[in-house]
Amino acid sequence: MFTNFDQMLNDAYKDHSAIGSFNWYHFETLKGIIEAGQALSRPVIASFGAKYLTNMDLDTAAVLTKNLAEKSDQPVCLHLDHCEDKDVIVRAIRAGFGSVMYDGSKLPFEENVKNTKDICDIAHACGVSVEAELGSLAAGAQSHEGSADDREVYTDPSLAAEFVRDSGVDALAVSIGTVHGMYKGTPNIRVDILKDINAAVGGPLVLHGGSGTPEDKILACIANGITKINVNTEISEYVMAHTKEMLAAKSPHLSVLALNQKDWVKEVVSKYITLFMNK
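Analysis parameters
Residues numbered from 1 in each chain as written. Predicted model: local features only at pLDDT ≥ 70, side-chain atom pairs only at ≥ 80, totals over all residues. Heavy atoms only, no water. Buried < 20%, exposed > 50% of the residue type's maximum accessible area, 1.4 Å probe, protein only. Helix = DSSP H or I, 4+ residues; strand = E, 2+ residues; numbered from the N terminus. Arc of directions from axis to C-beta. Contact = heavy atoms within 4.5 Å. Core = buried A, V, L, I, M, F, W, Y, C linked by side-chain atoms within 4.5 Å. Pairing = 2+ DSSP bridges.

(A) Looking closely at helix 7 (residues 191-201). Within the span of helix 7, buried status applies to Val 191, Ile 193, Leu 194, Ile 197 and Asn 198. Projected down its long axis, helix 7 shows its buried positions confined to an angular sector of 150 degrees, all on one face. Packing partners of the buried residues in helix 7 comprise helix 1 (6-15), helix 6 (157-167), strand 8 (171-174), strand 10 (205-207), helix 8 (215-222) and strand 11 (226-231). A positive phi of about 65 degrees marks Gly 202, the residue just after helix 7.

Here you go:
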């Protein structure tokens, strides 16, 4: 079932659970994500980062996802992750993506609001959901998003509600201490800031940097408004570690390796889907 993320995130917000947004880069990662959702009877967000356009173009990504989603009776949303380029976002909307993320977090507040509103006006007219970011995350170890120059800027709760109201965005990504990639030290997740943001916004919030975040912190975040959680690096790290083990033990046919990689993706995704159910 191919859809946007509006209904799944609003349902999760009311249910105090979260939907996993899992990055994919090729057929095996996509299939592992969708199979995990099907097996656990949960919706999933298949997140295709704008930086992976060198791996696959937007039209191909949309066709592949729609094809696999039609074979699942669980909702599947194809999401464009972390994009600063409005032209690429419009192309993704035209290609059939269910949701897009405009990342104007490096811009002044007013410019971020204005650009996000422009994207929302276009996307909503096409039935596409929009995510935006207020505040910014630092880059951790093995990060494949952002850059080493990125610095953590916590989301200001006093501006969060204004941002959502004036931009019309469907989900707001917040910065409360998580990082892109794996943590280099002990995580300091500011649930106190999140509580204030949730009280101000009263709607779906997004946590980037789910990889390696302690489970108790994830559950505390879900209890305080986080309804979409991004996981990327841990999928890559887990699959690459098992791939190295397989290649060291034997020389499999590429088709056999691909099937195993799909299953390894499914293992990581299944772990997080189960955690995010918060049951």
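Past the structure itself, the notes keep going.
(B) Molecular detail of the nonpolar core. In this structure, Leu 80, Phe 97 and Phe 276 are the most contacted members of the largest nonpolar core, which totals 72 residues. Top contributing element to this core by residue count: helix 10 (residues 254-277), with ten residues. The residues contacting Phe 276, other than those within four sequence positions of it, are Ser 17, Ala 18, Ile 19, Gly 20, Phe 22, Ile 218, Ile 222, Ile 229 and Val 231. Within the second largest apolar cluster, eleven residues are counted, among which are Phe 5, Ile 19, Ile 45 and Cys 77.

(C) The pairing of strand 2 (residues 19-23), seen in detail. Taken across its five residues, strand 2 has five buried, putting it largely inside the fold. Side chains of strand 2 alternate between two faces, with Ile 19, Ser 21 and Asn 23 and Gly 20 and Phe 22 buried alike. Strand direction decides the pairing type here: strand 2 and strand 11, joined by four bridges, are parallel. Bridge assignment links Phe 22 to a residue of strand 11, and that residue is Val 231. Relative to strand 3 (residues 44-49), strand 2 runs parallel, the two sharing three bridges.

Without other data, these values stay purely geometric and don't point to any function.
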